[in-house]
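Below are the chains, spelled out letter by letter.
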There are 2 protein chains.
Amino acid sequence: MAGQQSQSRPQVVIIGGGFGGLHAARALKRAPVDVTLIDRRNHHLFQPLLYQVATGGLSPANIASPLRGILHRQQNCRILLAEATGFDPAAKRLLLADGEIAYDTLIVAAGARSTWFGHDDWQDDAPGLKSLPDAVKLRERILRAFEMAERETNPDSRRQWLTFVVVGGGPTGVEMAGALSELARHTLRHDFHRIDPTEARIILVDAEPRVLGGFPEKLSASAARSLERLGVVVRTQTLADEIHADRVVLRSGEDRETIATRTVVWAAGVQAVPLGRKLAEATGAETDRGGRVIVQPDLTLPGHPDILVLGDLANCTGADGRPLPGLAPVAIQQGRYAARLIINRLKGRETPAFQYRDLGAMATIGRRSAVATFRGWSIQGFAAWLAWLFIHLMQLVGFENRLLVLLQWAWNYLTFSRSARLMTLYEDGSRPPEHPAGSVSEKTATS
Amino acid sequence: MAGQQSQSRPQVVIIGGGFGGLHAARALKRAPVDVTLIDRRNHHLFQPLLYQVATGGLSPANIASPLRGILHRQQNCRILLAEATGFDPAAKRLLLADGEIAYDTLIVAAGARSTWFGHDDWQDDAPGLKSLPDAVKLRERILRAFEMAERETNPDSRRQWLTFVVVGGGPTGVEMAGALSELARHTLRHDFHRIDPTEARIILVDAEPRVLGGFPEKLSASAARSLERLGVVVRTQTLADEIHADRVVLRSGEDRETIATRTVVWAAGVQAVPLGRKLAEATGAETDRGGRVIVQPDLTLPGHPDILVLGDLANCTGADGRPLPGLAPVAIQQGRYAARLIINRLKGRETPAFQYRDLGAMATIGRRSAVATFRGWSIQGFAAWLAWLFIHLMQLVGFENRLLVLLQWAWNYLTFSRSARLMTLYEDGSRPPEHPAGSVSEKTATS
């Protein structure tokens, strides 16, 4: 209870239990402060593996840990399930949907969400992948597409159900396309009678000249080759011009092509959550085009040394003069830095500017193939895949989750199975929106 | 593809991929028939463990297996994700929501659902527990109650959030009450700052003079003692007279008592799905008060030897002259019997009437305690709990699920943890219905 805490201790309020917020809270474990971690969700989510939930390889609980469970031994940290809605920096108060809370130092790490670049009408037809409900809905939609294809007697319609378009060739898009291909070619291979799931077409669309634009060219080429070996059609320098429930229109240069599809995955872009702009308005800070709050080298806001912004919500200039990318290692290092800065201030010490130690990046493309950069080295193939496995396992929070994920990965690898391919959303009998009533008939099934 | 199957083979259509339907389909593996298994869900669900999903001990995928995965090696079986809506027994056709399908033999095993005994308005305030969405919603509601209590400054309101009422003292109600108590007393014990989760009150209400009315009296008494040791208040000979979002009114004899609570679990009754009455209307068969179709000793309907009904949807008279209970072993044995009957008919052989081999029943009450009957023997305590563990693990479909569940049970047992306690339903920012806007304030949190 707040009233039981010593009121002389500085109050640190953290918005967001993602990588940045969680690591800030943990690094304040022994600091003489009271920490309040605020999140709308009751769990920390390991976002890099969301695509494995969307393709039935892992369960939601495998990649999410209850925040109270993670932090329950940390005496100076309490958790509040609440939604931050605004700021009153003069009074040092954070506004919540149903109350407010005072702070001495505020850490804002509320993250990012999908953006459709002004095409919000594409949201339903091309869902993003940023949360567990996103992943469960996408899993439902993907599995339903195969089920609908199985019921479909018209070859064109069947082909439409079996066509999957992934928009965006960054790590999420590449990993999603690879997993979709494996789902179709291996897991579901013998599951259907009428359709051959290996007929599934997976098209990966990217506006850039190469996939994984943030990686060295050699690795982009390697990733593209791995994707093509998996049967994924890679379409670079191509934009999604229109997205509808039954088709997408792709454009490269002057050429336009309509692709009949029922399933589009949006992996093309993220932007900062709207809370960033609210913070900028309240503090006079600036935001960039992606809605990220531009921070000073010590992650504070100009004129507001008591407010730090970090992770995907922050635009923090890196050593190369460009903003740091929205990666988990950036958020983790910034979270730890924020804690160090608070501790140093209590001791009256200065803290040097935040410096990102680049640990590299990686992406996996199906079984036994991945690309990774590490301190300037490029790794690809089986070695990169092993490194990917190991690093992702180690970054998962909780020994139990590591063990369960390792077991499921081993099982999935050996058996080509994905046992979490559940459809659960429409059990109450309501029809999903993508179910075209009347278009399917079993009348000819036994004739 | 249906068109590729030999049309001379008899068509067996099975409605329902639960225990009865699945075991019928499997037992027809080597029979010279074409099997079509129809379900609205894409998975077989191990219902006896639903309460563990609802209390965060297991993930949905742990107790559900994709039907296509289970049956993908069975050449003569195809699966159709569809909803049966009616019957045309004269034409031997089953009507679907979006088509129809012809059969030579029809096995109807569509199961049961919760009933509120004419109080359908209680559904929202006292949800049942029959499907994965039910379990996930209930998990959300239970965890939210603790979160709301943590935010609540009014002691009466806090007590209201921490009061849980389970209506119905059968196995589901008893297991649910025990798991709720363990969640509060062990798992969440150190997770909150303001509330002490061990203050949670769990009240189990049953209309009968004793819980587990289907078990020997000795075991009912043992179960009641185990529940009371876990802090569960057992109220027998008590009815739920009214259920509202913020309270229930209990009645025992002439006494009425109002209990302020935000969380009521309905485990008081099931009835056959409405498809049963449609089948009765179409065939002239009779239904009992619970909507179950009254079947002949060979599970067929009078005048319709080509239609069999089994599992929770069937009223099948047992050796004692009373209808067999709605238990998994009954459905499994009936499913196998149905397959045997079909095979015997193809060979021109008679099949003796269905006889249920009573394997007993069991219920677990928290850690290390259970009650079980086995061939007239009564077992209780640790031995019964071990038997419960072993039998439930063995009944789970799929080696991977067995391994994962065993690991999680071991982990939960050793650490008192329940890592699947996720709240995911309202991440889009929509408020859950039980969230009383404006009743919670953090204004005093730091003052």
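Let me sum up the structure you'll find in this document. The structure presented is a predicted model; accordingly, all values stated were derived computationally and were not measured.

Reading the values: rules and limits
- Residues numbered from 1 in each chain as written.
- Chains lettered and ligands numbered in written order.
- Predicted model: local features only at pLDDT ≥ 70, side-chain atom pairs only at ≥ 80, totals over all residues.
- Heavy atoms only, no water.
- Helix = DSSP H or I, 4+ residues; strand = E, 2+ residues; numbered from the N terminus.
- Buried < 20%, exposed > 50% of the residue type's maximum accessible area, 1.4 Å probe, protein only.
- Contact = heavy atoms within 4.5 Å.
- Areas by Shrake-Rupley, 256 points an atom, 1.4 Å probe, with all protein chains shown as cover.
- Arc of directions from axis to C-beta.
- Salt bridge = Lys/Arg side-chain N within 4 Å of Asp/Glu carboxyl O.
- Pairing = 2+ DSSP bridges.
- Axes fitted to C-alpha atoms, helices over the stretch in contact; angles between N-to-C directions.
- Polar contact = N/O pair within 3.5 Å; in protein donor to acceptor, adjacent residues only side chain to side chain.
- Patch = residues over 30% accessible without salt bridge, like charges linked within 9 Å, V, L, I, M, F, W, Y side chains within 5 Å.
- Phe/Tyr/Trp six-rings, centres within 6.5 Å; stacked < 30°, edge-to-face > 60°.

## What about the overall build of chain A?
Here comes step 1: Helix and strand counts for chain A stand at 11 helices and 25 strands.
Here comes step 2: Across the 447 residues of chain A, 58% fall into the buried class.
Here comes step 3: The contacts of chain A with a sequence gap of at least 6 include a subset with a gap of at least 24, amounting to 63%.
Here comes step 4: Surface summary for chain A: the accessible area is close to 18200 Å², and the carbon and sulfur share equals 50%.

## Regarding helix α8 (residues 275-283) of chain B
All names here are of chain B.
Here comes step 1: If you check which residues of α8 are buried, you get L275, G276, L279, A280 and T283. Projected down its long axis, α8 shows its buried positions confined to an angular sector of 140°, all on one face.
Here comes step 2: Turning to α8, the residues buried within the fold contact β1 (11-15), β6 (84-88), β9 (105-108), β19 (293-294), β20 (300-301) and β21 (304-309).

## Looking at helix α1 (residues 19-27) of chain B
Here comes step 1: Buried residues dominate α1 of chain B, accounting for 7 of its 9 residues.
Here comes step 2: Among the residues of α1 of chain B, those classed as buried are F19, G20, G21, L22, H23, A24 and A25 of chain B.

## Focus: the pattern of salt bridges
Here comes step 1: Overall, the coordinates contain 28 salt bridges over all chains when judged by the stated rule.
Here comes step 2: When the shortest N-O distance is used, the salt bridge between R256 of chain A and E242 of chain A registers 3.0 Å. You can see R256 of chain A sitting in strand β16 (residues 255-260) and its partner E242 of chain A sitting in strand β14 (residues 239-243), a full 14 residues away along the chain.
Here comes step 3: With its nearest N and O atoms 3.9 Å apart, the salt bridge here joins E182 of chain B to R418 of chain B. Here E182 of chain B is found in helix α6 (residues 171-187), whereas its partner R418 of chain B is found in the segment after α11 (399-415), with 236 residues between them in sequence. Take E182 of chain B and R418 of chain B: they sit in the same class, and that class is buried.
Here comes step 4: Through salt bridges that share partners, D241, E242, R251 and R256 of chain A make up one connected network.

## Some words on the sheet that holds strand β25 (residues 377-380) of chain B
Residues and elements named next belong to chain B.
Here comes step 1: Across the sheet, which stays open at both edges, the 3 strands sit in the order β23-β24-β25 with antiparallel pairing between neighbours. At either margin of the open sheet sits one strand with a lone partner, and together these are β23 (361-364) and β25. Taking each pair of neighbouring strands and ignoring which way they run, the sheet shows an average axis angle of 10°.
Here comes step 2: Pairing geometry for strand β24 (residues 370-374) and β25, over 4 bridges, is antiparallel. When the sheet's bridge partners are listed, T373 is paired in β25 with S378.

## Some details on the environment of S222 of chain A
Residue and element names in this part refer to chain A.
Here comes step 1: Relative to the assigned elements, S222 resides in helix α7 (residues 217-229).
Here comes step 2: In this structure the C-alpha to C-alpha distance between S222 and Q334, which are 112 residues apart in sequence, comes to 31 Å.
Here comes step 3: Apart from the residues lying within four places of it in its own chain, the contact partners of S222 are V371 and Q380.
Here comes step 4: A polar atom in the side chain of S222 sits 3.0 Å from the side chain of Q380.

## Re a nonpolar patch on the surface
Residues and elements named next belong to chain A.
Here comes step 1: Taken together, F390, I391 and M394 make up a surface patch of nonpolar side chains, about 290 Å² in accessible area.
Here comes step 2: With respect to the helices, strands and loops of the structure, M394 is situated in helix α10 (residues 382-395).
Here comes step 3: Given a relative accessible area of 43%, M394 falls into the partly exposed group.

## Quick word on the packing of aromatic side chains
Residue and element names in this part refer to chain B.
Here comes step 1: In total, this model carries 20 aromatic pairs over all chains according to the counting rule given.
Here comes step 2: With centroids separated by 5.4 Å and ring planes inclined at 35°, the aromatic side chains of W385 and Y413 adopt a geometry described as tilted. Here W385, found in helix α10 (residues 382-395), pairs with Y413, found in helix α11; they are 28 residues apart in sequence, far enough to count as distant.
Here comes step 3: With a relative accessible area of 24%, Y413 lands in the partly exposed category.

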